[in-house]
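Each chain, written out:
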Amino acid sequence: MSSSLAVVQSYPNHWEADVVLTDGGTAHLRPITPDDADLLREFHSRLSPETIYYRFFAPYPRLSDRDVRRFTTVDYEDRVALVATISDSLVAVVRYDKVSPEEAEVAFVVEDAHQGRGLASVLLEHIGAAARERGVRRFIADVLPENRRMINVFREAGYTAQQTFDEGVIRLTLDLQPTDDAKEVMQAREQRAESRSIARLLFPESVAVIGASRTAHTIGQTALRNLLSGEFQGPVYPVHPEAKAVVGVRAYPSVLDIPDQVDLAVVAVRAEAVTEVVEQCAEKGVHGLVVVSSGFGEAGPEGRARQDELVRTARAAGMRVVGPNCLGIANSDPAVSLNATLSPDLPPRGPIGFFSQSGALGRAILQRVAERGMGLSTFVSAGNRADVSGNDLVQYWQEDPATEVVLQYLESLGNPRKFTRLARRLAKQKPVVAVRSGGSAQATPTGHAAGGLALPDYAVTSLFQQAGVVRVDDITQMFDAAQVFAYQPLPEGPRVGIIGNSDSLELLVKDAAVRQGLKPHEPVNLGPQATAEDFDLALETALAAEDVHSVVVVFVPALQPIGDDVARVLRARSLGSDKPVVTTYLARQGIPEELRHVGERGETLRGSVPSYPSPEDAVRALAHATRYAQWRDRKPGRHPELPDIDRARARATITRALKGAPAENSVAWFGGERRYDEETAISSQDARDLLACYGIAAYPDIPVTSADEAVVAAGELGYPVVVKADAPDLRVRAGGTFVRADLRTPDDVRSAYLSLHDRFGAEADLVVQRMAAPGVPTVIRAGDNKSFGSVVSFGLADVTAELLDDRAFRLAPLTDMDAADLIHAVRAAPLLFGLPAGATSLAEQPNVEALEELLIRVSRLVEAFPEIGYVDLDPVLVNATGAHVLGARMWLREAPEVRPDAGPRRLRGVTF
């Protein structure tokens, strides 16, 4: 913020944002300040008389000094104004003025040259969010009837709107309460805008290479040569401060000296010189940058500051940035033929879109794709992901007809909530296969790690699967799966036909299929002397069978010379089938030439048969396709209405709990101490109060420090009661010895207290609690994970389940289907679906529906409030009467100003 703001109330930092416009360009939004006086005058002077009339309902050729002071000096409470800037020019203004505590008049104006770029819509989103923070619930907008464009902006925002007409003016009243329609409108606009911003990078009409060197094998010359050898369809301009030409192409001293338009700039200069180059590109009107230079965020604090400055400068001028420290981008579309990478060879045209965070791996990845006979539509190596990330590419591939399969090599997720939302939507149309390197956090026995909820590696896989993403262990498995997705149809079920000429390999296929959860038929062994005709007949029979959904063919060489007759049979039968066919063909890997259908440009076509070096590889890839197909065909579930949720009371409870909690909290772990610097353990009463706001009733307990206190507490609660030791992770350390149950007399209570006190001493607090009817004890944990956002876990509450780590995980908020799947996913789930010991009637069966509802409520709670770092409900006793929360702990933290993927559209932030 500028220094002049010291005289007025400051505004929240998150009111500043970079946004993508509908044409793919960018703009910077921020609150207006008194320092904007000159910018506002210049802006007004560029407005057409018609635009001025639509805004002020009268001619208003110039702003007086009084007008300027009034428009630029606001209190950021009752009067708020936001401006949009591009290249230091003010191009749009939106403002509201309160007319009552909950109602405000809103108006905005967009410079004529920038109308139609979506500025009004995104400004309305941001001013609406700011207004809600200030207690405004309704906007009033007066619009002239002929200003159809502005009327449509209000009507299409998705808010509930009312319209009246009086004295030649249309009055629109907008309810600012967020609705599903408003959220869908915002996300649809976000998708179109971010998709177009990537299209501007991948479909340039001209490219400049800044830092093109006359020295061979340098980064700059390599980038230039690859563009030229890749037969880019537009002009390429080398930029060199002294050379007249580089590799035979005329060079220019700077990008500003190039006489024609430059759409894309590949930047290969020293890190210290990049900022100046970006400023020149901004002045030139370049649309996008690919920064292959290193020395930025990966090089420490100084490099990080340099990287932030790069992004700030680029976005302010309307440019997106790939990199820095990246391999580059490529587009195999023959209309472009763009190879703006440091790899000399690209795979041919194909249906696969590939995103990689790693620049170092990028070249090996491209080589591997080509070796396997596959093809790419587009390739992006984002390096440090300072701006463009995998989420942007997912938005682009969503509507790219040339991309049928998406592959991602991920080292981290910059915005996990957005990734899972976008990936789930994309996966409903196209397979998404991901390698996520870097492992996962080491979970403690209760799943609580510093900063939120820790996840074991299998949990990461299940969360990807919930979003429809096929997670694989390495690059080899990624390409194994991609071969099926890109060139074969999806299986309609799990039943697998097996055909081959080696009974031992066929048995390996069958065993692998069982391990992968598929349902193999008995193998059809054609014998070592099988001919192509034998394979043809067997394939025809298998593919025609209704109870066969996919086929694995094993072919090993016989004694006679190997011909390609069997390959021709496989290729022909696969091309005409709607069932996938994979093979272990002579132990080859990829799409061998004999099994390939080839297009006019040499590209591999659908119907080509993927081959794998081992039966296990073939079956694993087929299993990925089968599970993905099942996920895509299943019903998505719904978010049930929960009318007894009180968000306002929950917010007040969190505020009170954070203020009342002690400054330091520690938790005992296996006799040691682990301190959470960012999270605060709140009292049991505050935890119960907060759960009650979401319709979750937790049994109260009374802490006691003597046998007499225990007896008094039991009398208050009513018999029968339990006395239990209360400390994290006690079940694993003490087995079942930390609870004394079914206490019906004062003597029982006194004896139980003394026994537990002798057992644990000061190691654990003792509490008295009303006893619940017997049932199945379970554990529900939820919280924020830095890689995925809000996550819910479930398992049974017994020592064996804890030691075997029998837990399941899902992303919040849960649908009814997610909740049911979460319960069924643990290995001990059958205990919840049978009759408990001694039961004689189905009426005594555990109420799993109540457990599902509890899971949904917990997921809504942690998703709604980023202040909740971790929730531990242990145990939750499930019996015929419901799911009863007998223990509840909760850790809170200060919430970030902006929660990723919440609120109005914005690009990932840098420091302003």
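Look above for the structure.
In what follows, the accompanying structure is described. (Residues numbered from 1 in each chain as written. Predicted model: local features only at pLDDT ≥ 70, side-chain atom pairs only at ≥ 80, totals over all residues. Heavy atoms only, no water.)

1. Let's talk about the sheet that holds strand β3 (residues 79-86)
In space, the eight strands of this open sheet follow the order β1-β2-β3-β4-β5-β6-β8-β7, with mixed pairing throughout. Two strands close off the open sheet at either side, each with one partner strand: β1 (17-20) and β7 (160-166). The sheet shows a mean angle of 25° between the axes of neighbouring strands, direction not considered. Note: strand β6 (residues 138-143) against strand β8 (residues 169-175), six bridges, orientation antiparallel. Each residue of the ladder has a partner; that of Val143, found in β8, is Ile170. (Pairing = 2+ DSSP bridges. Helix = DSSP H or I, 4+ residues; strand = E, 2+ residues; numbered from the N terminus. Axes fitted to C-alpha atoms, helices over the stretch in contact; angles between N-to-C directions.)

2. A few points about the state of the cysteines
In a disulfide, the sulfur atoms of two cysteines are held together by a covalent bond. This model, assessed by the stated rule, comprises zero disulfides. Residue Cys281 stays outside any disulfide, its sulfur separated by 14 Å from that of Cys326, the closest cysteine. (Disulfide = S-S within 2.5 Å.)

3. Let's talk about the packing of aromatic side chains
Following the criterion strictly, the structure yields 17 aromatic pairs and no others. For the pair Phe108 and Phe154, a centre-to-centre distance of 5.5 Å together with 45° between the ring planes defines the contact as tilted. Here Phe108, found in strand β5 (residues 103-110), pairs with Phe154, found in helix α5 (residues 148-155); they are 46 residues apart in sequence, far enough to count as distant. Each member of the pair, Phe108 together with Phe154, is buried. Seen in terms of ring centroids, Phe485 and Tyr628 are 5.5 Å apart; in terms of plane orientation they differ by 85°. Their pairing is edge-to-face. With Phe485 in helix α14 (residues 475-487) and Tyr628 in helix α18 (residues 615-633), this residue pair connects regions lying 143 residues apart in the sequence. Per residue, the accessibility class of Phe485 equals that of Tyr628, and both read buried. Site record: aromatic cluster; members linked through ring pairs are Phe56, Tyr60 and Phe71. Over the ring of Trp631 we find Lys428, and its NZ or CZ is 4.4 Å from the ring centre. The lysine or arginine in question, Arg770, covers the ring of Tyr699, its NZ or CZ lying 4.4 Å from the ring centre. (Phe/Tyr/Trp six-rings, centres within 6.5 Å; stacked < 30°, edge-to-face > 60°. Buried < 20%, exposed > 50% of the residue type's maximum accessible area, 1.4 Å probe, protein only. Lys NZ or Arg CZ within 6 Å of the ring centre and 35° of its normal.)

4. Focus on the nonpolar core
Within the largest apolar cluster, 101 residues are counted, with the highest numbers of intra-cluster contacts made by Ile329, Leu338, Phe354, Leu407 and Phe788. By residue number, the principal contributor to this core is α14, which donates nine residues. For Phe354, the residues in contact, after removing those within four places along its chain, are Ile365, Leu376, Thr378, Phe379, Val380, Trp397, Leu407, Tyr409, Met478 and Phe479. Core analysis: the second largest hydrophobic core is formed by 57 residues, Leu47, Ala81, Val109 and Phe139 among them. (Core = buried A, V, L, I, M, F, W, Y, C linked by side-chain atoms within 4.5 Å. Contact = heavy atoms within 4.5 Å.)

5. A few points about the environment of Leu743
Within the secondary structure layout, Leu743 lies in strand β35 (residues 739-743). For Leu743, a relative accessible area of 7% gives the class buried. Leaving out residues up to four positions away in the same chain, Leu743 has contacts with Tyr719, Pro720, Val721, Val722, Val723, Asp748, Val749 and Ala752.

6. Here we look at the pattern of salt bridges
All chains considered together, the criterion is met by 50 salt bridges. Between Arg117 and Asp23 there is a salt bridge, and its shortest N-O distance comes to 2.7 Å. With Arg117 in the loop between β5 and α4 (119-133) and Asp23 in the loop between β1 and β2 (26-31), the pair connects residues that are 94 residues apart, well separated along the chain. By relative accessible area, which is 15% here, Arg117 ends up buried. A relative accessible area of 31% places Asp23 in the partly exposed class. Connected via shared salt-bridge partners are Asp18, Arg315, Arg320, Asp387 and Asp392. (Salt bridge = Lys/Arg side-chain N within 4 Å of Asp/Glu carboxyl O.)

7. Considering the side chain of Asp67
Structurally, the position occupied by Asp67 is in helix α3 (residues 65-72). Residue classification places Asp67 among the buried residues on the basis of a relative accessible area of 10%. At a separation of 2.9 Å, a polar atom in the side chain of Asp67 contacts the side chain of Tyr60. (Polar contact = N/O pair within 3.5 Å; in protein donor to acceptor, adjacent residues only side chain to side chain.)

8. Details of the packing of α14 against α18
Between α14 and α18, the shortest axis-to-axis distance is 9 Å and the interhelical angle comes to 60°. On the basis of the axis angle, α14 is oblique to α18. Between α14 and α18 the crossing geometry is right-handed. Together, Gln477, Asp480, Ala481, Val484 and Phe485 of α14 and Asp617, Arg620, Ala621, His624, Ala625 and Tyr628 of α18 make up the contact between the two elements. (Parallel < 35°, antiparallel > 145°, perpendicular 65-115°, else oblique. Left-handed = near helix turned anticlockwise from the far one by under 90°.)

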